[in-house]
Amino acid sequence: MHFPFDNSYARLPDAMYARVQPTPVAEPKLIALNRDLAEMLGLDAKALEEELASGLFSGNSLPTGADPIAMAYSGHQFGGFSPVLGDGRAILLGEVVGSDGVRRDIQLKGSGPTPFSRRGDGRSALGPVLREYIVSEAMYALGVPTTRALAAVSTGEMVVRERPQPGGIFTRVARSHIRVGTFQYFRAHDDLDNLHKLLDYSIQRLDPAAAEAEKPALAFFEGVIARQAELVATWMSFGFIHGVMNTDNTSISGETIDYGPCAFLDYFDPAKVFSSIDHQGRYAYNNQPAIAQWNLARLADTLLPFLGAKEAEAIEEAKAALSRFPDHFQATMDARFAAKIGLPTNDDEAAALVESLLKLMHRDRADFTRTFRRLADKPDGSAGRLVEEFEDLESINQWLAEWQAHLQRKGIESDDAARRMRAANPARIPRNHRIEAVIEAGIDDDFAPFHKLHAALKEPYLERAEFAEYESSPTPEEEVRETFCGT
Ligand code: AMP
Ligand code: MG
C-alpha cells in the first residue's frame with residue numbers, strides 16, 4: 001500500500017529523532033477507520049480493506065514511503081523538568097499533504113518500544129485508544145483545533161498496567177507533533193544549531209507569514225501565544241479540562257494534543273479537577289489559562305537567543321509578548337460566552353450577565369452543557385426546561401428576566417439569539433460516563449457502544465431523537481469523579 005508521504009521532519013538532522021520500526025503485534029483487528037479523514041489526506045480509503053488497514057495501522061506492515069521515527073523532546077511535567085522524554089510509545093510514519101494543501105503527520109501510538117521508552121513498554125491499553133478516538137473526533141466536530149483520529153486497532157495482546165488489559169494502537173493525525181518540549185530539548189542540550197533549525201522548520205511549516213516579519217522569531221512566538229490563548233478559551237467555552245497540560249503536551253500548532261485524563265464538566269465548578277494524579281489542582285478548569293501562559297514562558301526561555309541581539313533586549317521582547325496572552329485569551333472567552341447567551345458581541349453588561357449566570361450554575365451545580373443548550377429553547381424568557389437545572393428558582397428566573405431585558409434593549413430578535421446559541425452550545429458532548437461505558441464494553445470486545453457514541457457526536461449542534469440519551473447528565477451513580485492517565 002502506498003501513502004503519498006513527504007517526510008520533511010525525517011530530513012532534519014539525526015539529533016532530532018531516532019529511526020525506529022514499529023514492533024509487530026499478534027493479531028491486529030481494525031476497530032475504526034476514519035474514511036473521511038483518509039480521503040482528505042489523499043489516502044485511498046476504498047482500497048484500505050479491513051485486513052490491509054489492520055496491518056498498516058498496527059505497524060505490522062509499513063506503507064511504502066514511510067520513514068518511521070521517534071521524535072526527541074523534553075518537558076516540564078507538573079512543573080518539574082525532564083530533559084529527555086521523547087516518543088516513548090509513538091512512532092511518526094511520515095507526513096502527507098492533504099487535499100486542503102495542509103501538511104500533516106501520521107503517527108502510530110502504542111506501536112512498541114523506542115529509544116525513548118525508558119522503562120515503559122511502548123504500548124497503549126485499548127481504553128485510552130478508544131477515549132482518544134472519541135474525544136478528539138468530538139472536539140473536531142465541535143470546532144476545536146485538535147489532532148485527529150485516523151484509525152484504532154486492537155492488538156490481540158495484553159498490556160500490564162494496574163492489571164492486565166487488552167492492547168490497542170491509535171493512529172493520530174496532527175498538523176505537526178512539535179511541542180514546547182521539542183524546543184526545550186535542544187535548549188536543554190545546549191544545541192543552539194539544531195534549536196535554530198527547529199525554529200526555522202517550525203516557522204516554514206506552521207506560520208510561513210512569520211518568516212516575512214521584521215523579527216521572524218518574535219512573530220512566530222506571538223503566533224504560538226495567540227493560538228494557545230484561543231485554544232484554551234475555546235476549551236473552556238465547552239467545559240473541557242485537558243488534565244495534563246505539561247509542556248510536552250502543548251503543541252506549537254495550537255491543536256489540542258494528548259488526550260489522557262481529560263474530561264468535560266458535567267455540573268459547573270470552576271475549580272474542578274478530574275485527573276487522579278493532579279493533587280494540587282494545577283490543571284483545574286479555571287487554572288488552564290495561567291498554566292498555558294506558564295508553558296509559553298518556558299517556550300520563551302528556549303527562544304531567547306533568537307529574540308534579540310542582547311539578552312536583556314530579548315527578555316523584554318519575550319515579556320511584552322507574553323503579557324498580551326491574557327488579552328488574547330479574554331477576547332476569545334468574551335466572544336464565545338457572549339454567543340453562548342445569544343449575543344453577537346460582548347460588552348460590560350453581557351460580561352456581567354455571563355458572570356452572574358455562571359455563579360448561579362456553580363451554586364446549584366447546574367449542568368454546564370445542558371444549561372446553555374436549554375437557554376436556546378426559550379429565548380423569549382419563559383424558562384422551560386432550563387430551570388430544572390437549578391434549585392433556586394427565584395434567582396434563575398430573575399436572571400432570565402434581566403437577560404431578556406438586555407436582548408430587548410439591544411434589539412436582538414429571539415430567533416436570532418436562539419440560532420446563535422444553537423451554533424455555540426452543543427446538544428451533545430462526550431460525557432465522561434459515556435466514555436467509560438464505551439471503554440468497558442470495548443474491553444469485552446463489544447464496539448457497538450463506541451460506534452454509537454462516535455455517531456452521536458458527529459453533529460453535536462443538531463438535536464436528534466435517536467441520540468437523546470447522550471444529552472442527559474449522569475445520575476449520581478453514573479457520575480465519573482476521577483480520570484486516569486492511562487499510560
Ligand atoms: P504522556 O503521558 O503521553 O504525555 O507521556 C509522557 C512521556 O512518557 C512521553 O515521553 C511518553 O512517550 C512516555 N510514555 C508514556 N507511556 C509510555 C509507555 N507505555 N511506554 C513508553 N513510554 C511511555
Ligand atoms: Mg504526552
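Higher on the page you've got the structure.
The structure presented is a predicted model; accordingly, all values stated were derived computationally and were not measured. (Residues numbered from 1 in each chain as written. Chains lettered and ligands numbered in written order. Predicted model: local features only at pLDDT ≥ 70, side-chain atom pairs only at ≥ 80, totals over all residues. Heavy atoms only, no water.)

Caption draft 1: Inspection of the overall build of the protein chain at higher detail. Of regular secondary structure, the protein chain possesses 16 helices and twelve strands. For the protein chain, whose C-alpha radius of gyration is 23 Å, the value lies close to the compact-globule estimate of 23 Å for 487 residues. Residue pairs at least 24 apart in sequence account for 72% of intrachain contacts in the protein chain once pairs closer than 6 positions are excluded. Total accessible area on the protein chain stands at roughly 19,600 Å², and carbon and sulfur atoms take up 50% of it. Distance between charge centres in the protein chain, computed from 52 positive and 72 negative side chains, equals 0 Å. (Helix = DSSP H or I, 4+ residues; strand = E, 2+ residues; numbered from the N terminus. Rg over C-alpha atoms; globule rule 2.2 N^0.38 Å. Contact = heavy atoms within 4.5 Å. Areas by Shrake-Rupley, 256 points an atom, 1.4 Å probe, with all protein chains shown as cover. Lys, Arg positive; Asp, Glu negative; His and termini not counted. Charge placed at Lys NZ, Arg CZ, Asp CG, Glu CD.)

Caption draft 2: Focus on the pairing of strand S9 (residues 148–160). Here four bridges tie strand S2 (residues 29–33) to S9, and the two strands are oriented antiparallel to one another. Bridge assignment links Leu30 to a residue of S9, and that residue is Val153. Here S9 runs beside strand S10 (residues 164–174); their pairing, made up of nine bridges, is antiparallel. Across the sheet, residue Ala152 finds its bridge partner in S10, namely Phe170. Taken together, S9 and the strand that follows it, S10, pair antiparallel across an intervening segment of three residues. (Pairing = 2+ DSSP bridges.)

Caption draft 3: Representation of unusual backbone geometry within the structure. We note that Phe78 has phi near 50 degrees; this positive angle belongs to a residue other than glycine. Within the fold, Phe78 resides in the loop between strand S4 (75–77) and strand S5 (80–82). Overall, the relative accessible area of 31% leaves Phe78 in the partly exposed class. Phi at Asp258 takes a positive value of approximately 65 degrees, unusual for a residue other than glycine. The exposure class of Asp258 is buried, given its relative accessible area of 15%. (Buried < 20%, exposed > 50% of the residue type's maximum accessible area, 1.4 Å probe, protein only.)

Caption draft 4: Representation of the packing of aromatic side chains within the structure. A complete count under the given rule lists 20 aromatic pairs for this structure. Judged by centre distance (5.2 Å) and plane angle (65 degrees), the ring pair of Phe368 and Phe372 falls under edge-to-face. Of this pair, Phe368 and Phe372 both sit in helix H12 (residues 368–375), four residues apart, which is roughly one turn of the helix. Both residues of the pair, Phe368 and Phe372, belong to the buried class. These aromatic residues form a ring-pair network of at least three members: Phe268, Tyr285, Phe337, Phe368 and Phe372. (Phe/Tyr/Trp six-rings, centres within 6.5 Å; stacked < 30°, edge-to-face > 60°.)

Caption draft 5: Geometry of the packing of helix H5 (residues 192–206) against helix H8 (residues 288–307). Two numbers describe how H5 lies on H8: the axes approach to 11 Å, and their chain directions differ by 90 degrees. The orientation of H5 with respect to H8, classified from their angle, is roughly perpendicular. Mapping the contact onto sequence places Leu192, Leu195, His196 and Leu199 in H5 and Thr302, Leu303, Pro305 and Phe306 in H8. The residue makeup of the contact of H5 with H8, split by class, is six nonpolar, two polar and no charged. (Axes fitted to C-alpha atoms, helices over the stretch in contact; angles between N-to-C directions. Parallel < 35°, antiparallel > 145°, perpendicular 65-115°, else oblique. Nonpolar A, V, L, I, M, F, W, Y, C, P; charged D, E, K, R; others polar.)

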